[in-house]
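# Secondary and tertiary structure notes
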Amino acid sequence: METSFALTGKGYVIVAADTTAARSIVKMQVDQDKIKELSPHLLMAYSGEPGDTVQFAEYVERNIRLYQIRNLYPLRPAAAASWIRRSIAESLRSRNAYSVNLLLGGYDTSSHTPNLYWIDYLGTAVEVPFAAHGYGSYFALSLLDRYHDPEASLEEGLATLKRCINEVSKRLVVDPGKYKVKVVDKSGIREVEI
């Protein structure tokens, strides 16, 4: 019952993910952070099989950090999305496929634009203005389609995200509970309360 949302606005990307770790009908943890900070202006929300998600997120985090150490500058969001997509596609064609769905949000410091990428377990990647994964996406995508404004301020973007969270809490059989929300913009990554 994992749920994650993301949307772009005027100079920012908001990424939110529920904090529940569950298996079947059992909640094992209610404070898990499913958003990995990959670099000062790049973050990734992940969902899928529990072992695959953590292992793949750490693999991505360490390889992006290694790139930054070797080249003295971080990967831009588009390059990171391409590398992650290729990594998933290569694992899909091996015996050790990762079953992960990702929302990659970043702020490109050279072009001063926010970027959001939707990546699934089949290695499909597309740049989008808003996205969602999990059961909550069935309810949130229609709200995001109606209320998303690419020129919205951060407060308006957080209000749209709050609408999605409220709708999922009201309509989904099992309420995911708490959400962790992070914003990336020209100042970097920060966690916000909603």
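Here the structure is a predicted model, which means the values were calculated and not measured.

## So, the sheet that holds strand β5 (residues 35–39)
A sheet is described by the order of its strands in space; here 5 strands give the open sequence β5-β6-β7-β8-β9, paired in antiparallel fashion. Here the strands that pair on one side only, and so sit at the sheet edges, are β5 and β9 (125–127). If you compare each strand with its neighbour and ignore which way they point, the axes differ by 20 degrees on average. Of the strand pairs in this sheet, strand β6 (residues 42–48) and strand β7 (residues 100–108) are connected by 7 bridges, and their pairing is antiparallel. Note on β7: the bridge partner recorded for L43 is G105. Strands β5, β6 and β7 of the sheet are contacted by helix α1 (residues 50–71), whose axis makes an angle of about 160 degrees with β6. In the packing of helix α2 (residues 77–92) onto the sheet, contacts are made with β5, β6, β7, β8 (113–119) and β9, and the angle to β7 comes to roughly 165 degrees.

## Here we look at helix α3 (residues 137–147)
What α3 keeps buried is the set S137, F139, A140, L143 and L144. The buried residues of α3 occupy one face: seen down the axis, they fall within an arc of 155 degrees. What points out from α3, more than 90 degrees from its buried face, is the exposed set Y138, D145 and R146. Buried residues in α3 make contact with β1 (3–9), β10 (130–134) and α4 (154–171).

## Some remarks on α4
Since the α-helix packs 3.6 residues into each turn, any two residues three or four apart lie on the same face. With 18 residues, α4 extends 26 Å between its outermost C-alpha atoms, agreeing within 8% with the 26 Å of an ideal straight helix rising 1.5 Å per residue. Inspection of α4 places L154, G157, L158, T160, L161, C164, I165, E167 and V168 among the buried residues, and these make up the whole buried set.

## Describing the environment of L42
Along the chain, L42 turns up in strand β6. The contact partners of L42, leaving out residues within four places of it in the chain, are K36, E37, I64, P77, A80, L104, G105, G106, V184 and I189.

## Some points on the packing of aromatic side chains
As enumerated under the stated definition, the model contains 6 aromatic pairs in all. A centroid spacing of 5.9 Å and a plane angle of 85 degrees characterise the contact between Y67 and Y73, whose relative ring orientation is edge-to-face. Judged by relative accessible area, which is 45%, Y73 ranks as partly exposed. Arranged with centres 6.3 Å apart and planes meeting at 45 degrees, the rings of Y135 and Y138 form a pair that is tilted. Members of the aromatic cluster, connected to one another through ring pairs, are F56, Y59, W83 and Y98. Above the face of the Y147 ring, R163 is positioned so that its terminal group lies 3.8 Å from the ring centre.

What counts and how
- Residues numbered from 1 in each chain as written.
- Predicted model: local features only at pLDDT ≥ 70, side-chain atom pairs only at ≥ 80, totals over all residues.
- Heavy atoms only, no water.
- Pairing = 2+ DSSP bridges.
- Helix = DSSP H or I, 4+ residues; strand = E, 2+ residues; numbered from the N terminus.
- Axes fitted to C-alpha atoms, helices over the stretch in contact; angles between N-to-C directions.
- Contact = heavy atoms within 4.5 Å.
- Buried < 20%, exposed > 50% of the residue type's maximum accessible area, 1.4 Å probe, protein only.
- Arc of directions from axis to C-beta.
- Expected span 1.5 Å × (residues − 1).
- Phe/Tyr/Trp six-rings, centres within 6.5 Å; stacked < 30°, edge-to-face > 60°.
- Lys NZ or Arg CZ within 6 Å of the ring centre and 35° of its normal.

Keep in mind that these numbers describe shape and distance, not what the molecule does.
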